[in-house]
Amino acid sequence: MKTAREETTQLLMEMDGQFEGFFEWLGEQYDPAAGGFFYARSSKESGKFTPDIESTSQAINIMERVGLLEDWDPALKAAAIRFYQSKQDPSGYFYDANPNMKEDEVMVGRAIGYSLHALSKLGAEPLYPLPGRSTAAPDYMASPQSYARWLESIELVNSWRGCDRLCNSAPYIFQMGETERVPYLQEAFGFFERIQDKETGLWGEGSLYVRISGTFKLHTFYNRFGVPMPRVREMYASILHCLRTEEAFDMCYIRNPINLLHSMKLAIPPEEMREITEITLANMKRLKQADGGFSRELGHSPTAPNVAQVKANEFYPDMPKAVHLGLGLAEGDMNAGTQAILIRWLCYELAGLPVQPLDLPQGLFAKYGAVR
């Protein structure tokens, strides 16, 4: 009879098999003219969309995690650098072509982090100073007091969206000097502590997966500034209960609990690790698509991931306009793909096993002049 650890190893090998055809799908999303990546196959084939910041950054994250980026042709890296630098406005912000993107504060804030990290991986820098170092930062960042008022104003009726908005302030705080940063972080962590559910360890309102997803967003804030999250044991119990009882119909619902578990640094009993891996694998299989990619939602890729946090039967006030990136077909999308690769890596790490290399196709970008 196999031990729980041996069964977990077998499940992880089965998870590896879910990436058959995935890298060929990834290569087809590339646009050599723009130097960036499309969100989905329909984005490219329809002619209605262009490569965008998030999808390109997610593709670069995938390539880095599996060892493709280090061998990427220098000419393709240079094209990617030009792609990001062409997206930066003299104000310091990075914008896609869709005018609705500028109206979504979460997308705007996220684009700064995505672009900065991608440029760093590619060995380059932004053309202009970032907003946190200029007068272009949002008005709520004017003082710790105005920042505190802004924190209190954020609705958490949908934890996932609300906590994402709270985390939108992190890039601006991160760009501050260490002394200037301190009172802002005191306001943030004091506020988070006051509103955390003491019994569940979660934040905000909504279904269990929505609350866990919101809690995951706040984890990124804590992690960015090296502060440990409070009440992780209560959080762990909530995650186990959610995995066992709720349906994961969004790739984020699969990734966010695993990411949280990884950040907790708790010793997971072998039998529970086997159970967590088994549930995660079963959920991922439901989102694998015939084109080789993974879809963000069950049965299809959402057309606009910026508003996909709030589902049809849920509510959040003042949602931004949809920023459409694809046609929403039964197809893989870059948002889900980068999460699937991360989920696999996190599961190996949680199980205490060395991350096995995936089979990468030869000549993946060869037609664009790459060395592979």
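To be clear, the structure that these remarks concern was listed above.
Note that this is a predicted model, so its numbers are computed, not measured.

With 117 residues, the main nonpolar core has Phe23, Leu26, Trp72, Tyr147, Phe192 and Phe221 as its most contacted residues. The leading source of residues in this core is helix 15 (residues 334-350), at ten residues. Residues within four places of tryptophan 72 in sequence aside, it is in contact with Tyr30, Phe37, Met63, Lys77, Ala80, Leu122 and Phe365.

It is worth spelling out unusual backbone geometry at this point. One non-glycine residue, arginine 231, lies in positive phi territory at about 55 degrees. Tracing the backbone shows arginine 231 in the loop between helix 11 (208-224) and helix 12 (232-245). Judged by relative accessible area, which is 23%, arginine 231 ranks as partly exposed. Of note, aspartate 318 is a non-glycine position whose phi angle comes to about 55 degrees, a positive value. When you line up the elements, aspartate 318 lands in the loop between helix 14 (270-286) and helix 15.

Before going further, it helps to examine the packing of aromatic side chains. Under the defined criterion, the tally for this structure stands at 31 aromatic pairs. Here tryptophan 72 and phenylalanine 365 contribute two aromatic rings whose centre-to-centre distance is 5.7 Å and whose plane-to-plane angle is 70 degrees, an arrangement assigned as edge-to-face. Taken together, the residues tryptophan 72 in the loop between helix 4 (53-66) and helix 5 (74-87) and phenylalanine 365 in the segment after helix 15 connect sequence positions 293 residues apart. Just as tryptophan 72 is buried, phenylalanine 365 falls in that class too. Centroid distance tyrosine 140 to tryptophan 150: 4.0 Å. Interplanar angle 10 degrees. Geometry classified as stacked. Separated by ten residues along the polypeptide, tyrosine 140 in the loop between helix 6 (105-121) and helix 7 (144-153) and tryptophan 150 in helix 7 bring together distant segments of the chain. Classification of tyrosine 140 as buried rests on a relative accessible area of 12%. For tryptophan 150, a relative accessible area of 10% corresponds to the buried category. A network of ring pairs unites the aromatic residues Phe174, Phe189, Phe191, Phe192, Trp203, Phe221, Tyr222 and Phe225 as a single cluster. The side chain of arginine 224 reaches across the aromatic face of phenylalanine 174, ending 4.7 Å from its centre.

Two elements in contact, helix 1 (residues 4-17) and helix 14, have axes separated by 8 Å at closest approach and are oriented at 20 degrees. The orientation of helix 1 with respect to helix 14, classified from their angle, is roughly parallel. Seen along the crossing, helix 1 lies across helix 14 with a hand that is left-handed. Note on element contacts: helix 14 touches helix 1 through Pro270, Glu271, Met273, Arg274, Thr277, Glu278, Thr280, Leu281, Met284 and Lys285, opposite Ala4, Glu7, Thr8, Leu11, Leu12, Glu14 and Met15. Class assignment of the residues belonging to the contact of helix 1 with helix 14 gives a composition of eight nonpolar, three polar and six charged.

Packing of helix 4 against helix 5 brings their axes to within 11 Å, and their N-to-C directions diverge by 150 degrees. Relative to helix 5, the element helix 4 is oriented roughly antiparallel. By crossing handedness, the relation of helix 4 to helix 5 is classed as left-handed. Touching Ile53, Thr56, Ser57 and Ile60 of helix 4 are Phe83, Tyr84 and Lys87, all from helix 5. Residue composition of the contact of helix 4 with helix 5, by class: four nonpolar, two polar and one charged.

When the charged atoms of two side chains with opposite charge come close together, those side chains can pair. Counting across every chain of the model gives 21 salt bridges. Among the salt bridges present, the one from lysine 367 reaches glutamate 28, with a minimum N-O distance of 3.3 Å. You can see lysine 367 sitting in the segment after helix 15 and its partner glutamate 28 sitting in helix 2 (residues 22-28), a full 339 residues away along the chain. The partly exposed category is assigned to glutamate 28, whose relative accessible area is 39%. Of the charged contacts, one joins lysine 217 and aspartate 164 as a salt bridge, the two residues approaching to 3.8 Å between their closest N and O atoms. Here lysine 217 is found in helix 11, whereas its partner aspartate 164 is found in helix 8 (residues 159-167), with 53 residues between them in sequence. Note on lysine 217: relative accessible area 16%, which makes it buried. Residue classification places aspartate 164 among the buried residues on the basis of a relative accessible area of 6%.

What follows covers the side chain of aspartate 31. Examined against the element boundaries, aspartate 31 turns out to sit in strand 1 (residues 30-31). Buried charge without a partner: aspartate 31 forms no salt bridge, and the closest opposite charge is lysine 44, 6.3 Å away. There is a polar contact of 3.2 Å between the side chain of aspartate 31 and the backbone nitrogen of alanine 33. Aspartate 31 has contacts with Gly36, Phe38 and Pro51, leaving out every residue within four places of it along the chain.

Helix length check: helix 5, at 14 residues, gives a terminal C-alpha distance of 20 Å against a target of 20 Å (1.5 Å per residue), a fit within 8%. Of all the residues in helix 5, the buried ones are Leu76, Ala79, Ala80, Ile81, Phe83, Tyr84 and Lys87. For helix 5, the elements touching its buried residues are strand 1, strand 2 (36-37), helix 4 and helix 6. Here helix 5 starts with a cap whose side-chain oxygen sits 2.7 Å from the backbone nitrogen of alanine 75, and that cap is aspartate 73.

Conventions adopted
Residues numbered from 1 in each chain as written. Predicted model: local features only at pLDDT ≥ 70, side-chain atom pairs only at ≥ 80, totals over all residues. Heavy atoms only, no water. Core = buried A, V, L, I, M, F, W, Y, C linked by side-chain atoms within 4.5 Å. Buried < 20%, exposed > 50% of the residue type's maximum accessible area, 1.4 Å probe, protein only. Helix = DSSP H or I, 4+ residues; strand = E, 2+ residues; numbered from the N terminus. Contact = heavy atoms within 4.5 Å. Phe/Tyr/Trp six-rings, centres within 6.5 Å; stacked < 30°, edge-to-face > 60°. Lys NZ or Arg CZ within 6 Å of the ring centre and 35° of its normal. Axes fitted to C-alpha atoms, helices over the stretch in contact; angles between N-to-C directions. Parallel < 35°, antiparallel > 145°, perpendicular 65-115°, else oblique. Left-handed = near helix turned anticlockwise from the far one by under 90°. Nonpolar A, V, L, I, M, F, W, Y, C, P; charged D, E, K, R; others polar. Salt bridge = Lys/Arg side-chain N within 4 Å of Asp/Glu carboxyl O. Lys, Arg positive; Asp, Glu negative; His and termini not counted. Polar contact = N/O pair within 3.5 Å; in protein donor to acceptor, adjacent residues only side chain to side chain. Expected span 1.5 Å × (residues − 1).

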